[in-house]
Amino acid sequence: MITSKALESKITEAQAATDRTEEAKTQLIELYRKALSNRQAAKDSAAAAARFRRTAELAPVEIQAIRAALSPDAQAEPLDGLDAAADTPLPELEQLF
């Protein structure tokens, strides 16, 4: 596997080369830089794939938690926690809100 450091070294060598034309050096340097860019893109893609795998592994647990939170029996009654009875007068209820 070619490392970024090796490619950077090759770029430096190509820039210092005296046995090539300027056009050849430019093309060679461009190819080495493209290889560096492709290597970074591959590294970024591998990291994104790893994040995707982790997300996919955790998805079933998260789905269950969301479903449990949305189930009708998990929802609180609207009057729970309200210090009032069904026959509490309206002005008093308004004060509670």
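See the structure shown above.
For clarity, every value in this text was computed on a predicted model and none was experimentally measured.

1. A look at the overall build of the protein chain
Here is step 1: Secondary structure summary: the protein chain contains 3 helices and 0 strands in total.
Here is step 2: Listed N to C, the secondary structure of the protein chain is α-α-α in terms of helices and strands.
Here is step 3: Burial analysis of the protein chain (97 residues in total) assigns 9% to the buried set.
Here is step 4: A separation of at least 24 residues holds for 35% of the contacts in the protein chain among residues at least 6 apart in sequence.

2. Quick word on helix α1 (residues 4-16)
Every α-helical turn comprises 3.6 residues, leaving residues that sit three or four positions apart pointing alike.
Here is step 1: Over its 13 residues, α1 runs 19 Å from end to end, which matches the ideal 18 Å to within 8%, given 1.5 Å per residue.
Here is step 2: Every buried residue of α1 is listed here: Leu 7, Ile 11 and Ala 14. Buried positions in α1, seen along its axis, are confined to an arc of 65° and lie on one side of it. Along α1, the residues that are exposed and aim more than 90 degrees away from the buried face are Lys 5 and Ala 16.
Here is step 3: Next to the buried residues of α1 lie α2 (22-70).

3. Notes on the nonpolar core
Here is step 1: Counting residues in hydrophobic clusters, the biggest one holds 5 residues: Leu 7, Ile 11, Ala 14, Ile 29 and Leu 36.
Here is step 2: When residues of this core are traced back to their parent elements, those giving at least two are α1 and α2.
Here is step 3: Ignoring anything within four residues of it in the chain, the contact list for Ile 11 reads Ile 29, Tyr 32, Arg 33 and Leu 36.

4. Examining α2
Here is step 1: For α2, with 49 residues, the first-to-last C-alpha span of 68 Å sits near the 72 Å given by 1.5 Å per residue.
Here is step 2: Of all the bends found along α2, the most pronounced is centred on Ala 59 and spans about 40°, while Pro 60, a proline, follows it within four residues.
Here is step 3: By the burial criterion, the buried members of α2 are Lys 25, Ile 29 and Leu 36.
Here is step 4: If you follow the buried residues of α2, they end up packed against α1.

5. Considering the environment of Ser 9
Here is step 1: Considering the arrangement of structural elements, one finds Ser 9 in helix α1.
Here is step 2: With relative accessibility at 36%, the residue Ser 9 sits in the partly exposed group.
Here is step 3: On a C-alpha basis, the gap between Ser 9 and Tyr 32 in space is 9.7 Å, while along the polypeptide they are 23 residues apart.

6. As for the side chain of Lys 25
Here is step 1: In this fold, Lys 25 is placed in helix α2.
Here is step 2: A relative accessible area of 9% means that Lys 25 is categorised as buried.
Here is step 3: A distance of 3.3 Å separates the side chain of Lys 25 from the backbone oxygen of Gln 15, its partner in a polar contact.
Here is step 4: Leaving out residues up to four positions away in the same chain, Lys 25 has contacts with Ala 14, Gln 15, Ala 17 and Arg 20.

Rules behind the numbers
- Residues numbered from 1 in each chain as written.
- Predicted model: local features only at pLDDT ≥ 70, side-chain atom pairs only at ≥ 80, totals over all residues.
- Heavy atoms only, no water.
- Helix = DSSP H or I, 4+ residues; strand = E, 2+ residues; numbered from the N terminus.
- Buried < 20%, exposed > 50% of the residue type's maximum accessible area, 1.4 Å probe, protein only.
- Contact = heavy atoms within 4.5 Å.
- Expected span 1.5 Å × (residues − 1).
- Arc of directions from axis to C-beta.
- Core = buried A, V, L, I, M, F, W, Y, C linked by side-chain atoms within 4.5 Å.
- Bend = angle between axes of the 7 residues up to and from the residue.
- Polar contact = N/O pair within 3.5 Å; in protein donor to acceptor, adjacent residues only side chain to side chain.

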